[in-house]
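Understanding the architecture of this molecule
Here is how the chains run, residue by residue.
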Amino acid sequence: MKKFSILYTDWKPDEQKHREAICTLGNGYIATRGAAEESNNDGVNYPGTYLAGGFNRAKTDVSGRTIENEDFVNFPNWTYLTFREIEGEWLDLEKCKILDYRQELQMKKGLLERNFRVEDSQGRCTSIRSRRIVSMHQKHMACLEWTFLPENWSGKVEFRSGLDGDVINDNVERYSDLESHHLNPLDTRKVNDNTILLSVQTKQSKITMAQAARTVLFHQDQAMQPAIEIHQKEGYISQLFRVEVKEGQEYILEKTVAIYTSRDVAISEPELEACKSVKRADRFKDLLLSHSHAWDSLWHRADIHLTNDDKNQRLLRLHIFHILQTVSPNVIGVDVGVPARGLHGEAYRGHIFWDELFIFPFLNLRFPEITRSLLMYRYYRLEEAKAAAKEDGKRGAMFPWQSGSNGRSESQVLHLNPNSGRWLADNTYLQRHVNSAIAYNIWNYFRTTGDRDFMSFFGAEIFLNIASYWASMVTYNEREDRYEIVHVVGPDEYHTSYPDSEESGLNNNAYTNVMAAWVMQKGIEILEIIDSRRRQELLNELDIDAKEIRLWKEISSKMYVPFIEDGIINQFDGYEKLEEFPWEEYQKKYEDIHRLDRILENENKDPNSYKASKQADVLMLFYLFSRDEIYAIFKKLGHEMTEGAILKNIEYYKKRTSHGSTLSRVVFSWIMLKYDKLQSWENFEKVLVSDFEDIQGGTTAEGIHLGAMAGSLDLVQRGFLGLEVGEEALWVNPHKLEHLEQVSLKIKYRSHWVLISVEDELLKISFEEGNSDRLNIGVIDKIHQFERGVVKEFSLV
């Protein structure tokens, strides 16, 4: 279990919020931070419970403007549980003497356990073991268990078990000037002697949540009959249990909570369903057992076994764990997207960006059903994207950089620089490349699964709308005989306009242009893939005629790509004229320059003036496409791309990137794999620790970085193992890495399960089961036919 465990052996108040994010428990429906259950929002602790898709809008006056933000709501804290000796102080680890403390996240079965011993001012020593789950098997159920042991005393004790709806959004300090009250209380009441109920409703979006909590005390496995009092006020209700305890004897307290919302299907009303479910619920041990079985099934599909050192293995599994807690099978059929910071905190307000680009490759090869459901999030918002394109004077569909409840743009118009304390205009909404990311995700889901039904009825409609949008975005440069895209922002968010320009956006961001050309090229291919009847339906519905398709063909071969010299792609027109950034000077001046944009703005300087990037921009092309695909894309555009030119681009931009995004290290690890395996491995290990060690200085406490976590897994499967989904076969071409002794994993390729392992320069592949008895798998440069149940070995020497 050691390699499935994250262990803390001390209580460190200044690290508590970071640990809460790392120890978050969730099931794809709800998630609860790993805050101590006896705590509240007190500066050290921040209990937070989040609902997938749980958004609410609120307005705030900032710098003379009224802005409306859609936030990821902190819903009522269901975990609250504490104790005191009669007339004593309520449990507070900041005030009592801590004799022992141990906190363990047991990822194998999704359990958070705390074991601690405390001594009060009277010398009374008490031992508590706390265990908590958010059920993966029954998504509406969450529960915790206390094992309470008075070590050297006997007497009367009070336990308080509560549901606290008097909470606000207060997880991100730089949002503190914004409206943070999102909940209206609806109801608090006693259901029966052991059960209480709380219901609240979001102020604008009118999402109702009901929580019913059943709390029972046991001694020697028999339910006790303590004196019980109910305490309640608006938005809060608790039970006070008074009981006599004896020295050296254990007492078990179980708190079982059912959570329902008005977003749920197949319910009558949230309060009714919560009360019914908590009444029917089993005891903690039984809920834990079914929950553990559900996790066993997930790990059977998802685990990646890595032999290098225990730390890397644990962190890789931590990343798998948090991905499955955010987008588990419980999201299938539910209208939710992939929040960039998981269900773990309030950073980025729970919005959906382009992080799916890094997350779906892991899901495609294990849980394609989940990818399909998450892609439907975009389909359900297609009409909003079409309306946005029309409002902008374009055709097709223009999806926003940040999306939330209904698909309107949730990109912030102002953002706070915490270094300077100034509110600044935010032009990152011009990252139109998110549309190409959505198209790329659709294509790669289809290529991995062969799901023609999805492509025909949903995927093609989204894809063709995006292609139509890009065709309407271009302008023709007659002098260059090329098509251009202007006033956009690329993945590198440090550059959002030209120096001293009042206009927003940049011209001909290379990544944006190449991806747009690729989308139109693939759009034409998709029209050939879907059946003729459906093709004609879509062409008629989307008003795409033969003239537009000819335009797509022309643009996909005549899109302008700026170059500097010697095959080095220019990040955007004019990038080559910017000042070189004094990296050494700033590395000496500041301990951390990841967020160079904030540092420069605090110095009244403009990051737009320098050749300094937040994250990979041009180099994203070499991350998304194989070498052969890159060669073909650039050849079609009239440019020769060679291995030498790729390496020149990597070297050029590597020197000019601050890695202000955790995603940047993922990309650099990937692209360095062929050219510098040591640097690739170092970047991989940096990705592994990025959240666990909070390398960005406090951001993990606001929510984990889901894209980087998934990116680390994709580095193992498609990077180190060299997995590539081809048209006629699955290809395996492992890289030899001296730091990686052994790796094994299981993947699902077009409904066939395949086990792959590499150890001591020996590759083993087993076709375990699937829809057919034979499967083509390419190894290095040759296709082999595998029969079900057969294991084949290949030397990598």
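Observations concerning the nonpolar core
Counting residues in hydrophobic clusters, the biggest one holds 218 residues, and the most contacted among them are Phe159, Trp354, Leu363, Met559, Met620, Ile756 and Ile765. What Phe159 contacts, discounting residues up to four positions off in sequence, is Thr82, Phe83, Trp146, Phe148, Leu217, Gln239, Leu240, Phe241, Val243 and Leu253.

Brief notes about unusual backbone geometry
Non-glycine residue Tyr348 carries a positive phi angle of around 60°. You will see that Arg750, though not glycine, has its phi angle at about 45°, which is positive. Of the residues examined, Arg750 reaches a relative accessible area of 23% and is grouped as partly exposed.

Observations concerning a negative patch on the surface
Residues Asp309, Glu741, Glu759 and Asp760 make up a contiguous surface patch of negative charge. Along the polypeptide, Glu759 turns up in strand S28 (residues 752-759). On the basis of relative accessibility, which here comes to 45%, the residue Glu759 falls in the partly exposed class.

Observations regarding the layout of surface pockets
As a volume, the second largest pocket reaches approximately 1,300 Å³. Forming the boundary of the second largest pocket are 46 residues, of which Phe625, Ser626, Arg627, Glu629 and Glu724 lie nearest the centre. Of the residues assigned to the lining of the second largest pocket, the class counts are 25 nonpolar, 11 polar and 10 charged.

A few points about helix H12 (residues 546-558)
Under the 1.5 Å per step criterion, the end-to-end length of H12 is 18 Å for 13 residues, consistent within 8% with the ideal 18 Å. Considered for burial, the residues of H12 that qualify are Glu548, Ile549, Trp552, Ile555 and Ser556. Buried residues in H12, looked at end-on, bunch into an arc of 120°, giving them a common side. Exposed side chains of H12 directed beyond 90 degrees from the buried face belong to Lys547 and Arg550. Of the surrounding secondary structure, the elements contacted by the buried residues of H12 are helix H9 (452-473), strand S24 (482-484), helix H10 (510-529), helix H11 (532-542) and helix H16 (627-636).

Considering the sheet that holds strand S12 (residues 155-164)
Taken together, four strands build an open sheet; the order of strands is S7-S12-S18-S17 and the sheet is antiparallel. The sheet is open, and its two edges are formed by strand S7 (81-85) and strand S17 (227-233), each paired on a single side. With direction set aside, neighbouring strand axes in the sheet form an average angle of 20°. Bridging between S17 and strand S18 (residues 236-245) involves seven bridges; their strand directions are antiparallel. Looking at the pairing, Gln232 lines up with Ile237 of S18.

Here we look at the packing of helix H5 (residues 356-364) against helix H6 (residues 368-380)
At their nearest, the axes of H5 and H6 sit 8 Å apart, and the two run at 150° to each other. Between H5 and H6 the crossing geometry is left-handed. Where H5 abuts H6, its residues Glu356, Phe360, Leu363 and Asn364 lie against Pro368, Ile370, Thr371, Leu374, Leu375 and Arg378. Per-class residue counts for the contact of H5 with H6 are six nonpolar, two polar and two charged.

Regarding the sheet that holds strand S3 (residues 30-32)
Reading across from one edge, S2-S3-S4 is the order of the three strands in this open sheet, with antiparallel pairing throughout. Among the strands making up the open sheet, the edge pair consists of strand S2 (25-26) and strand S4 (49-51). Where S3 meets S4, three bridges bridge the pair, whose relative direction is antiparallel. Bridge pairing links Ala31 to Tyr50 in S4.

Observations concerning a positive patch on the surface
A grouping of Lys547, Arg550, Lys553 and Lys636 is seen on the molecular surface, where their side chains present a positively charged patch. If you tally residues by element for the positive patch, the top one is H12, at three residues. Along the chain, Lys547 falls in helix H12. For Lys547, a relative accessible area of 62% corresponds to the exposed category.

Calculation notes
- Residues numbered from 1 in each chain as written.
- Predicted model: local features only at pLDDT ≥ 70, side-chain atom pairs only at ≥ 80, totals over all residues.
- Heavy atoms only, no water.
- Core = buried A, V, L, I, M, F, W, Y, C linked by side-chain atoms within 4.5 Å.
- Buried < 20%, exposed > 50% of the residue type's maximum accessible area, 1.4 Å probe, protein only.
- Contact = heavy atoms within 4.5 Å.
- Patch = residues over 30% accessible without salt bridge, like charges linked within 9 Å, V, L, I, M, F, W, Y side chains within 5 Å.
- Areas by Shrake-Rupley, 256 points an atom, 1.4 Å probe, with all protein chains shown as cover.
- Salt bridge = Lys/Arg side-chain N within 4 Å of Asp/Glu carboxyl O.
- Lys, Arg positive; Asp, Glu negative; His and termini not counted.
- Charge placed at Lys NZ, Arg CZ, Asp CG, Glu CD.
- Helix = DSSP H or I, 4+ residues; strand = E, 2+ residues; numbered from the N terminus.
- 1 Å grid on protein atoms, 1.4 Å probe; cavity = no way out; pocket = protein on both sides within 12 Å on 5 of 7 lines; lining within 4 Å.
- Points joined across faces, edges and corners; volume = space filled by probe spheres on them.
- Nonpolar A, V, L, I, M, F, W, Y, C, P; charged D, E, K, R; others polar.
- Expected span 1.5 Å × (residues − 1).
- Arc of directions from axis to C-beta.
- Pairing = 2+ DSSP bridges.
- Axes fitted to C-alpha atoms, helices over the stretch in contact; angles between N-to-C directions.
- Left-handed = near helix turned anticlockwise from the far one by under 90°.

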